[in-house]
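Per-entry structural report
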Amino acid sequence: MTGYTMLRNGGAGNGGQTCMLRWSNRIRLTWLSFTLFVILVFFPLIAHYYLTTLDEADEAGKRIFGPRVGNELCEVKHVLDLCRIRESVSEELLQLEAKRQELNSEIAKLNLKIEACKKSIENAKQDLLQLKNVISQTEHSYKELMAQNQPKLSLPIRLLPEKDDVGLPPPKATRGCRLHNCFDYSRCPLTSGFPVYVYDSDQFVFGSYLDPLVKQAFQATARANVYVTENADIACLYVVLVGEMQEPVVLRPAELEKHLYSLPHWRTDGHNHVIINLSRKSDTQNLLYNVSTGRAMVAQSTFYTVQYRPGFDLVVSPLVHAMSEPNFMEIPPQVPVKRKYLFTFQGEKIESLRSSLQEARSFEEEMEGDPPADYDDRIIATLKAVQDSKLDQVLVEFTCKNQPKPSLPTEWALCGEREDRLELLKLSTFALIITPGDPRLIISSGCATRLFEALEVGAIPVVLGEQVQLPYQDMLQWNEAALVVPKPRVTEVHFLLRSLSDSDLLAMRRQGRFLWETYFSTTDSIFNTVLAMIRTRIQIPAAPIREEAAAEIPHRSGKAAGTDPNMADNGDLDLGPVETEPPYASPRYLRNFTLTVTDFYRSWNSAPGPFHLFPHTPFDPVLPSEAKFLGSGTGFRPIGGGAGGSGKEFQAALGGNVPREQFTVVMLTYEREEVLMNSLERLNGLPYLNKVVVVWNSPKLPSEDLLWPDIGVPIMVIGKRAVRFAA
């Protein structure tokens, strides 16, 4: 029992130890787990706390990561680098501070200079204002002195001579008539305006013999002329038409002379009269040969040396287009320069022809004696040799295929009809004109007709014979439109024609076309040129253009246009003052009555090219001595006479008569609105521009929504019908 008990106890004791061991092992694991948990959880929290409160510590001893005493951390390499950087930055900051102080001192000095400049500007403004006042006072004093010393002159009172008062010493011979001894200047004062009285041919006997077309065309032209007056008492010039006569009317010289002397204002000798004999055909009779015309001027297309008075009589062109305007659509273009034939000539010389000139006894007496040298045989041989050489294509015919036109003795008669001759001339670069074999016949209707037809179709005239007197030769520069070659040089004509360049040929053709349109083409141009010749000889200025109000087309202006960069950068070229002057009205121009004298040499010899001759008014063609141009603002200015002032180069170019000059731009347009607007915008900022006139050359008005640029000056848009001058 005891043993059993002991065994059971002993056995029980061992079991208790095992349980204790198990329990202690569990406690150890639990403690270990708790310890690890505390380490893993609380230590990071504590570390985080100290790290976040590191900079908040007040005492150096409480800083966990604070600097150690003795600069222990400066031995670290990157700390040394930081120290060096800090020292470098400190030096740069010191330098920048020094520079800042230096700049502040300079700014202070510049501020002082600015203040000084402002004071000097104010002083300069005061001085300028004083100078302006002094100038204004000086100008006022100058005007007062001028008004006192040079009073305004009034026009002289016109004194008209008595009806039958001659007042001129008679010349020794009729051929000796010149303006100084056969023209009464007292009837033509400078301020008279050149009044012209035209006789009514229907009121006289010889008027019934005139060619109806010539008479009707002449009367229509005279009625529309600006100089013609119906008051014969104040007339400066008297015009009478005596030809061309109808066929077969033959008016004897004595009868015609009697009719002339019976004119109501003939005044015994016909001074201040112009007798006009217009030729419509190449065989027009020389009615005034052996007619004593006294002191009257003669204007016709046929002259002998014995009847032509240089500087007094006038050689006029034939009247081809009497009552009709030339058909400009049929006129060939000026290019190509060279045509099919180098030169052409068609004519026949009829020695046996008897004209009205040979019927006069005085003429037969003059023809007695040794005959003059005749080069016609040499001319025929030379021109045929050129044609046979075939170096150039030429056409010369010395025998007419049909009946030749009647002509004067020793003159080359025209062949064929006018239309056939024009068709040949349209194919010719040059047109030969052989003057009559008699050197005493200085011009004939046949030669004038050849010249007229050549200029009409653009064939350059080549006149063989230097004794010829071309129409209006003392006023027109024929060397710019034709070649005049002496007959002895006929062998050199071919070489001379081939030596001309294309540019020279084109320039001569253009000038010939201009002369034909301006002085030869119509009855108006012929009559106006005759009056202009006489008026220029006696030094009376041309009548001013009659002012007519232009029909302005309304238009809207848009935004201001920008300045053209090409115009803004002018380099060294001075186009005007720095400040932009607004448009101002032109000063009143008082006509200079000496302009026909002072400007004669310049306009005659110095004006280049064909553009120094152009119509002055629709009624009066301007001769070379009367060339005008559009000058300051509006109105016409004579060449020369500038008073100087600002814009010296501009003054020299325009030749104005006032110190201040502005100009007007005239533009012609036709349904090209975009191009027009661009062109107008480029005019913005142009110095000296007064205004722009746009000639709207279209039947349709500009669109209403079209915005015109604002270029700082007025833009006038007018219709073409309002323009009185040719483009």
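Above this text is the structure in question.
Residues numbered from 1 in each chain as written. Predicted model: local features only at pLDDT ≥ 70, side-chain atom pairs only at ≥ 80, totals over all residues. Heavy atoms only, no water.

Description of the overall build of the chain
The criterion, for reference: For helices the rule is a DSSP run of H or I covering at least 4 residues; for strands it is a run of E covering at least 2, with both sets numbered from the N terminus onward. Two residues qualify as a contact provided that any one of their heavy atoms is within 4.5 Å of a heavy atom in the partner residue. Per-residue and other accessible areas were derived by the Shrake-Rupley procedure at a 1.4 Å probe size, with only the shown protein chains allowed to occlude residues.
Regarding its fold elements, the chain presents 17 helices and 23 strands. In the chain, of all internal contacts separated by at least 6 residues, the share reaching a separation of at least 24 is 76%. As displayed, the chain offers around 42400 Å² of accessible surface, 57% of which is attributable to carbon and sulfur atoms.

Some words on the sheet that holds strand S14 (residues 483–485)
Our working rule: At least two bridges found by DSSP between two strands are what make those strands a pair. Structural elements are reduced to axes, namely lines fitted to C-alpha atoms, with helices fitted over the stretch in contact, and the angle between N-to-C directions of any two is expressed from 0 to 180 degrees.
On the basis of which strands lie adjacent, the open sheet formed by five strands has the order S9-S7-S11-S13-S14 and parallel pairing. Each having just a single partner strand, strand S9 (395–397) and S14 make up the two edges of the open sheet. Averaged over neighbouring strand pairs, the angle between their axes works out to 20 degrees when direction is ignored. Of the strands in this sheet, strand S7 (341–346), strand S11 (428–434) and strand S13 (460–464) touch helix H9 (residues 445–457), which is tilted by about 170 degrees from S11.

A word on the state of the cysteines
Heads up, the condition is: Any pair of cysteine sulfurs within 2.5 Å is marked as a disulfide. Categorising residues by exposure relies on relative accessible area from a 1.4 Å probe, with only protein chains included: less than 20% of the type maximum marks a residue as buried, more than 50% marks it as exposed, and the intermediate range marks it as partly exposed.
Summed over all chains, the structure comprises three disulfides. Disulfide pairing is shown between Cys 188 and Cys 236; the S-S distance is 1.6 Å. One disulfide, between Cys 188 and Cys 236, carries an S-S torsion of 95 degrees and so falls in the right-handed class. Separated by 48 residues along the polypeptide, Cys 188 in the loop between helix H3 (179–182) and strand S1 (196–198) and Cys 236 in the loop between helix H4 (212–224) and strand S2 (237–243) bring together distant segments of the chain. Taken as a pair, Cys 188 and Cys 236 share a single burial class, namely buried. Put simply, Cys 400 and Cys 415 are joined by a disulfide, and their sulfur atoms are 1.7 Å apart. For the disulfide bridge between Cys 400 and Cys 415, the dihedral angle about the S-S bond is near -65 degrees, and by the sign convention the bridge is left-handed. You can see Cys 400 sitting in the loop between S9 and strand S10 (412–413) and its partner Cys 415 sitting in the loop between S10 and helix H8 (418–425), a full 15 residues away along the chain. Just as Cys 400 is buried, Cys 415 falls in that class too. Across the chain, the way the bonded cysteines pair up, counted in sequence order, is 1-2, 3-4, 5-6.

Considerations on the sheet that holds strand S21 (residues 689–696)
Strands belonging to one sheet form pairs held by backbone hydrogen bonds; the direction of such a pair is parallel or antiparallel. Strand order in this open sheet of three strands is S20-S21-S23, and the pairing throughout is parallel. Each edge of the open sheet carries a strand with a single partner, namely strand S20 (663–669) and strand S23 (715–719). Going across the sheet, the axis of each strand differs from the next one's by a mean of 25 degrees, ignoring polarity. On the sheet, helix H17 (residues 673–681) packs against S20, S21 and S23 and is oriented at approximately 170 degrees with respect to S21.

With respect to the nonpolar core
Worth spelling out the cut-off: Note on terminology: a nonpolar core comprises buried Ala, Val, Leu, Ile, Met, Phe, Trp, Tyr and Cys residues joined through side-chain atoms within 4.5 Å.
Of all hydrophobic cores here, the largest spans 83 residues; its most connected members are Phe 194, Leu 237, Val 239, Ile 276, Leu 278, Trp 478 and Phe 520. Not counting the four nearest positions on each side in its chain, Trp 478 is found in contact with Leu 451, Leu 455, Leu 470, Pro 471, Tyr 472, Gln 473, Leu 515 and Phe 520. Phe 343, Ile 460, Val 490 and Leu 505 belong to the second-largest nonpolar core, a separate cluster that totals 25 residues.

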